[in-house]
Amino acid sequence: MRAHDSATAPSPIAVSTAPATTGTDRAAKTSPGTVLAALGVIAFSLTFPATAWGLEGFGPWSLVAVRCVLAALMAGGCLLALRVPMPARRHWAGLAVVAAGVVVGFPMLTTLALETSTTAHAAVVVGLLPLTTAALSALRTGVRPSRTFWTAALAGAGAVLAFTIQQSGGALTSADLYLLAALLVCAAGYTEGGRLARVMPGWQVIAWALILCLPLSVPAAAVALSYDTPQLTAHSVTGLLWVAAGSQFLGLVVWYRGMAIIGVPKASQLQLAQPLLTLVWSMFLLGEHLPLAAPLTAAAVLVCIAVTQRARS
């Protein structure tokens, strides 16, 4: 991590004699962003199983508040160590959107959902996040992805939605409503964070968003812990540490950087693989039953990922 991105060096105006960029060159340039975004998806895929572990020893409110405080302490330590200056005033509104959506809204809503929902079911519902993010990004930034992109994105979302309806028997539960609300707030946070990551390092985006929440998260943690008696087991502590360090900070660092390189719409479609990964983690870490429809859904969304990554934005 660096405190500042290197500035764009001024250069004299001249006609470039460099050869035209080929498709292979473009792929080589975007591959680092794809790798970073994919690492973020892997980190996020462990969030629900880790949250389930955390709920074994913490209440939902204390788990979310403490994870925010711990992640903010990590972020603040990095900002102080690198002597990062305060963001420009024009960036604070965007950071507030990131804080509300990614730091507070999504963790709180999904944690409440996981009190009554399995991680497998929640993971598949949240599989609609890529389409939600791409749609909000198009509205926010004015970028218009191609028809091929939208067709593949809608197909992936349709496969996820069909899986969800089949598993829930066609009726939405309170957990589903929490998850749908989480989709909207998280997509807004991802979109705004991806935009900010183009003008400031991605890790600073999430770091300042976490710091912005400290005046709320510290008293919230104190109040929640006063009403909650945590059971510090291996599972609960490991779950708390992962959602704080892996999901809330480090995962978002690489995710926002990846979005800055390859764009919000394409990066968001990599999350179509997240439900499958979470299902696998849930099966191995929590002993949950893997639904028979999961492999078919996984195959469908992976095809959609391949299409959206090749589609021109």
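Up top you'll find the structure we're talking about.
About the thresholds
Residues numbered from 1 in each chain as written. Predicted model: local features only at pLDDT ≥ 70, side-chain atom pairs only at ≥ 80, totals over all residues. Heavy atoms only, no water. Helix = DSSP H or I, 4+ residues; strand = E, 2+ residues; numbered from the N terminus. Buried < 20%, exposed > 50% of the residue type's maximum accessible area, 1.4 Å probe, protein only. Polar contact = N/O pair within 3.5 Å; in protein donor to acceptor, adjacent residues only side chain to side chain. Contact = heavy atoms within 4.5 Å. Core = buried A, V, L, I, M, F, W, Y, C linked by side-chain atoms within 4.5 Å. Expected span 1.5 Å × (residues − 1). Arc of directions from axis to C-beta.

S.K.: Kindly report on the side chain of Thr-47, identifying the contributing residues and their values.
M.R.: By the element assignment, Thr-47 lies in helix 2 (residues 47-54). On the basis of relative accessible area, Thr-47 is assigned to the buried category, the value being 8%. Within the structure, Thr-47 has its side chain in polar contact with the side chain of Ser-247 (distance 2.7 Å). Excluding its chain neighbours within four sequence positions, the residues that come into contact with Thr-47 are Trp-242, Val-243 and Ser-247.

S.K.: Can you lay out unusual backbone geometry for me, pointing to particular residues and giving the numbers?
M.R.: The backbone of Arg-83 sits at a positive phi, close to 55°, despite the residue not being glycine. Counting through the fold element by element, Arg-83 comes out in the loop between helix 3 (60-81) and helix 4 (92-113). For Arg-83, a relative accessible area of 75% corresponds to the exposed category.

S.K.: Account for the nonpolar core, naming residues and giving values.
M.R.: Ranked by size, the top nonpolar core spans 73 residues in total, and within it Tyr-190, Ile-206, Phe-249, Trp-255 and Tyr-256 carry the most contacts. In terms of residues, this core owes the most to one element, helix 4, which gives 10 residues. Those residues within four positions of Trp-255 in sequence are excluded, and the remaining contacts are Leu-36, Ala-37, Gly-40, Val-41, Phe-44, Tyr-190, Ala-267, Ser-268 and Gln-271. Ranked by size, the runner-up nonpolar core spans 7 residues in total, among them Phe-58, Ala-65, Val-66 and Val-69.

S.K.: I'd like a rundown of helix 12 (residues 274-286), residues and numbers included.
M.R.: The first and last C-alpha atoms of helix 12 sit 17 Å apart over 13 residues, in line with the 18 Å expected at 1.5 Å per residue. The set of residues buried in helix 12 consists of Gln-274, Pro-275, Thr-278, Leu-279 and Ser-282. End-on, the buried residues of helix 12 take up no more than an arc of 135°, which puts them together on one face. Gly-287 sits one or two positions beyond helix 12 and adopts a positive phi of about 70°.

S.K.: Can you explain the environment of Leu-216? Please cite residues and give values.
M.R.: As for its placement among the helices and strands, Leu-216 is situated in helix 9 (residues 202-227). Separated by 112 residues in sequence, Leu-216 and Val-104 have C-alpha atoms that sit 9.8 Å apart.

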